[in-house]
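# Coordinate analysis (summary)
Given next are the chains, with one letter for each unit.
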There are 2 protein chains.
Amino acid sequence: MQGKILKKFAETVLSVGVNLQEDQGLEIICPVEKSEVAVALAKAAYEMKAKIVNVRWECENIDKLNFLNASVKTLTDIPKWFVESKNYLVEKGFCYVAISAENPSAFKDVPPYKLAESAKARGKALKKFFGQVMANGIRWCVVSVPTAEWAKQVFPNAEDPESKLCTEIVKAMRLNARDPVNEWEQHITKLESRAKFLNDNDFAALHFVSGTGTDFTVGLCDGHKWLSAQEKAKDGLSFVANMPTEEVFTAPHRLKADGVVKSAMPLCYSGQIIDGFTLVFKKGKIVDFSVEKGYEVLKNLINTDKGTRRLGEVALIGKNSPIAKSGILFYNTLFDENASCHIALGKGYPTTIENGENLTRKELAARGLNDSVEHVDFMIGTKDLIVEGIKKDGTLVPIFKDGDWII
Amino acid sequence: MQGKILKKFAETVLSVGVNLQEDQGLEIICPVEKSEVAVALAKAAYEMKAKIVNVRWECENIDKLNFLNASVKTLTDIPKWFVESKNYLVEKGFCYVAISAENPSAFKDVPPYKLAESAKARGKALKKFFGQVMANGIRWCVVSVPTAEWAKQVFPNAEDPESKLCTEIVKAMRLNARDPVNEWEQHITKLESRAKFLNDNDFAALHFVSGTGTDFTVGLCDGHKWLSAQEKAKDGLSFVANMPTEEVFTAPHRLKADGVVKSAMPLCYSGQIIDGFTLVFKKGKIVDFSVEKGYEVLKNLINTDKGTRRLGEVALIGKNSPIAKSGILFYNTLFDENASCHIALGKGYPTTIENGENLTRKELAARGLNDSVEHVDFMIGTKDLIVEGIKKDGTLVPIFKDGDWII
């Protein structure tokens, strides 16, 4: 990404994504090989009169060496200053842009237990921060730019995979429009009308059925709220946490999921790939699972803590979403989750409960919201997917047929 | 730098430079555009059984945008977590490698007062850490690798400036030798014999004279000690703080410098260039100065605090040092200071005082050691430089003639 498109990218992310304000600090999480993107964001931020721009650089090659060579004891010893550097963002009223451009198999040679222990320790150490993020205590936005390693895995046979991936990202982010901000406003309105339909129905549960073996009912939290692209942060300002985004999503009840779900796409987690997996739920909890690829990774993931055996999100996306229609497997959740209905293991968003931002953990749990140090989406939407809403009186309302909205 | 030479570089820096130990943490300070160097160092570190490798990434393009756009108030507000991330290194027994590869004029468009205030605030906030560094409470090493921007300014007319600079760095670091570690041992022994000569003479002062106008006498601290390449850290292990290094150096007395010194080379400080300057000292203090280029930068530097008007180091390097003989102006103090006798404004090294590591700040001051939040070397050695040692009984001992050692 470069030139005019990079500038448009930066401006759209900062205005639609994090809704950067004058005199506000911005943190950018950026891979070292994409410093020109951080620079473009910083330039655009200062044109919007940002206070300061801080970049937290990431380097998978260094991470990989550490995962391979350092002991679990060392990897799980998260420095206090690191935790404080994250809490600092909330305290000082920063917003942040995270660039997700992982090599999907960056850590394929790392023993999965090391990744799992490490993710768990990080999750525990940053519990306060992630709690703030998920309760919209900070405005944030995850976006992507193409990197060579990632692109090669998405388009292994392309002559120039990186530029091909770039084209797809630009399309998914609506950056080809003359006025992407306006385009996003229209898109947000459309998603909000779907959320409104679901909220108006106030479903007790959803039922998912597909020919691949999924037959699954998930209860929703008491006082759950369907959200879409644009949310309101605690400070009252709106933001869009994911760009692209095509989903409407809410809070499943942590004790109410029963049946079988079959994954519809591979899941990249911690630089490793999990594929072809089936989860069996009983009273909200995974009681059995099978998997074609990535057994250890999935096992470690669901055993991270009590909450990773239960659900924290359910999201609806039709098979005619622009990303789904591209037919591309991105090996990146930011894209793949927007091509398919998905559910998430782990922590639920307090914001998907009415007034949830102001409820205590205990109160949220009483409504049914799940808690965990993790939150991992995985895709379950197939082209033949049927979704029906079950109202409190037992009435069934068709929502999806043949993998798409019928409302 | 790449392939075998990069590997040799990494191994030499870790064994000779920081003397990395088994189960020790390593921090690398690295420009984002040189991640392959950090990766090579990390690989070599793990071959030496390091505990963990942390990289602190630097990006001048982001720094520049911040310096240009953020307010002085914001730039001088150093987060507590940042200070703690530095102190953490000492507490946890890390060593660190800093890669110095600055674009000499990276910040040429930034108002000098912003750089000065920012450097001062950083120096103040990191006073404890820098104090530990300068008292050898941590093993550290500054090294260089070529970057495109830097190389272009060193060799503006070369076809491939970066590879030309690489050749010079490799030569200066003795990496062409079959066994660079052995080569370094011999080099260290030679420098130590010079330090021994100077220590045996126990000079009260040095007198510098050159045809450019330098006529300057600097008193040395009571109980001063001449050091060279290899030092001992507090933990008893040796290390080499600069690679390359050609100097022997000691502690000037903060109240005893009189006369005029004329700079022999441009000085790159904070991404700006100061050139053709003359400092007039009286009783250790700069009482007047003139400068051809970089007036504001120099003025701000010497006014950083009380200590930046006084001296913290005096170092002797002959005009036949390999770096001096190359005749190249590197615009980087790590190289240029090893081509020329130099003195430093600001904090003195406690280690250049007998038992100084164990003395309090008050005791060090009583011996004459200068204190400051800064330490900035600048070059005063010309091809005609005469240096004589003045013994306590007034005897004069010739040390340099025509810019080189005559001992």
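Residues numbered from 1 in each chain as written. Chains lettered and ligands numbered in written order. Predicted model: local features only at pLDDT ≥ 70, side-chain atom pairs only at ≥ 80, totals over all residues. Heavy atoms only, no water.

Turning to the overall build of chain A, a few remarks are in order. Counting secondary structure elements, chain A contains 14 helices and 19 strands. Against the globule reference of 22 Å for 407 residues, chain A gives a C-alpha radius of gyration of 20 Å, in line with a compact fold. For chain A, the share of sequence-separated contacts (at least 6 apart) that also reach a separation of at least 24 residues comes to 75%. Entry remark: accessible area of chain A is about 16,300 Å², with carbon and sulfur atoms responsible for 49%. Charge separation in chain A, taken as the distance between the mean sites of 53 positive and 53 negative side-chain charges, equals 3 Å. (Helix = DSSP H or I, 4+ residues; strand = E, 2+ residues; numbered from the N terminus. Rg over C-alpha atoms; globule rule 2.2 N^0.38 Å. Contact = heavy atoms within 4.5 Å. Areas by Shrake-Rupley, 256 points an atom, 1.4 Å probe, with all protein chains shown as cover. Lys, Arg positive; Asp, Glu negative; His and termini not counted. Charge placed at Lys NZ, Arg CZ, Asp CG, Glu CD.)

A few words now on the nonpolar core. The biggest cluster of nonpolar side chains holds 177 residues, and the ones touching the most others in it are Phe9 and Trp57 of chain A together with Phe9 and Trp57 of chain B. Sequence-distant contacts of Trp57 of chain B, that is, excluding residues within four places in its chain, are made with Val32, Trp57, Cys59 and Ile62 of chain A together with Cys30, Pro31, Val32, Ser35 and Ala38 of chain B. (Core = buried A, V, L, I, M, F, W, Y, C linked by side-chain atoms within 4.5 Å. Buried < 20%, exposed > 50% of the residue type's maximum accessible area, 1.4 Å probe, protein only.)

Chain B puts 28 residues into the contact, and the matching count from chain A is 28 residues. Overall, the association of chain B and chain A removes approximately 2,600 Å² of surface from exposure, summing both partners, and the carbon and sulfur fraction of that is 71%. For the pair chain B and chain A, the interface holds zero salt bridges. Applying the counting rule to chain B against chain A returns four residue pairs in polar contact (both at pLDDT 80 or more). Mapped by element, the contributors of at least two residues to the side of chain B that touches chain A are α2 (35-47), β2 (52-58), α3 (60-69), α4 (72-75) and α5 (80-91) of chain B. (Buried area = accessible area lost by both parts, 1.4 Å probe. Salt bridge = Lys/Arg side-chain N within 4 Å of Asp/Glu carboxyl O. Polar contact = N/O pair within 3.5 Å; in protein donor to acceptor, adjacent residues only side chain to side chain.)

It is worth spelling out the pairing of strand β13 (residues 285-293) of chain B at this point. Residues and elements named next belong to chain B. Here seven bridges tie strand β12 (residues 272-282) to β13, and the two strands are oriented antiparallel to one another. Bridging from a neighbouring strand, Thr278 pairs with Ser290 of β13. Hairpin connection from β12 to β13: two residues lie between these consecutive antiparallel strands, with Lys283 at a positive phi of about 50°. (Pairing = 2+ DSSP bridges.)

Applying the stated criterion to the full structure yields 31 aromatic pairs over all chains. Each ring, one from Trp81 of chain A and one from Phe82 of chain A, has its centre 6.3 Å from the other, and the planes form 80°; the classification is edge-to-face. Neither residue differs from the other here; Trp81 of chain A and Phe82 of chain A are each classed as buried. Consider the rings of Phe249 of chain B and Tyr349 of chain B, whose centres lie 5.8 Å apart with planes at 65°: the pair is edge-to-face. Of this pair, Phe249 of chain B sits in strand β9 (residues 248-250) while Tyr349 of chain B is found in the loop between β15 (342-346) and α14 (361-367), placing the two residues 100 residues apart along the sequence. A relative accessible area of 14% means that Tyr349 of chain B is categorised as buried. Each member of the aromatic cluster is reached from another via a ring pair, and the members are Tyr96, Phe129, Phe130, Trp140 and Phe239 of chain B. When the ring centre of Trp184 of chain A is taken as reference, the NZ or CZ atom of Arg174 of chain A above it lies at 5.6 Å. (Phe/Tyr/Trp six-rings, centres within 6.5 Å; stacked < 30°, edge-to-face > 60°. Lys NZ or Arg CZ within 6 Å of the ring centre and 35° of its normal.)

A few words on the relation of the copies chain B and chain A. With an RMSD of 0.0 Å, chain B superimposes on chain A once it is rotated by 180° and translated 0.0 Å along the axis. Given the turn and translation reported, the copies of this chain are related as if by a two-fold rotation axis. Mapped onto chain A, 100% of the interface residues of chain B again fall at the interface, so both copies present the same surface. (Least-squares fit on C-alpha atoms with pLDDT ≥ 70 in both.)

A word on the pattern of salt bridges. All names here are of chain A. Using the criterion set out here, one finds 32 salt bridges over all chains in the structure. Residue Arg56 is joined to Glu27 by a salt bridge in which the shortest nitrogen-to-oxygen separation is 2.6 Å. Of this pair, Arg56 sits in strand β2 (residues 52-58) while Glu27 sits in strand β1 (residues 25-31), placing them 29 residues apart in sequence. The exposure class of Arg56 is buried, given its relative accessible area of 16%.

Here the focus is helix α3 (residues 60-69) of chain A. If you check which residues of α3 of chain A are buried, you get Ile62, Leu65, Asn66 and Phe67 of chain A. Buried-residue contacts for α3 of chain A involve α4 (72-75) and α6 (112-125) of chain A together with α2 and β2 of chain B.

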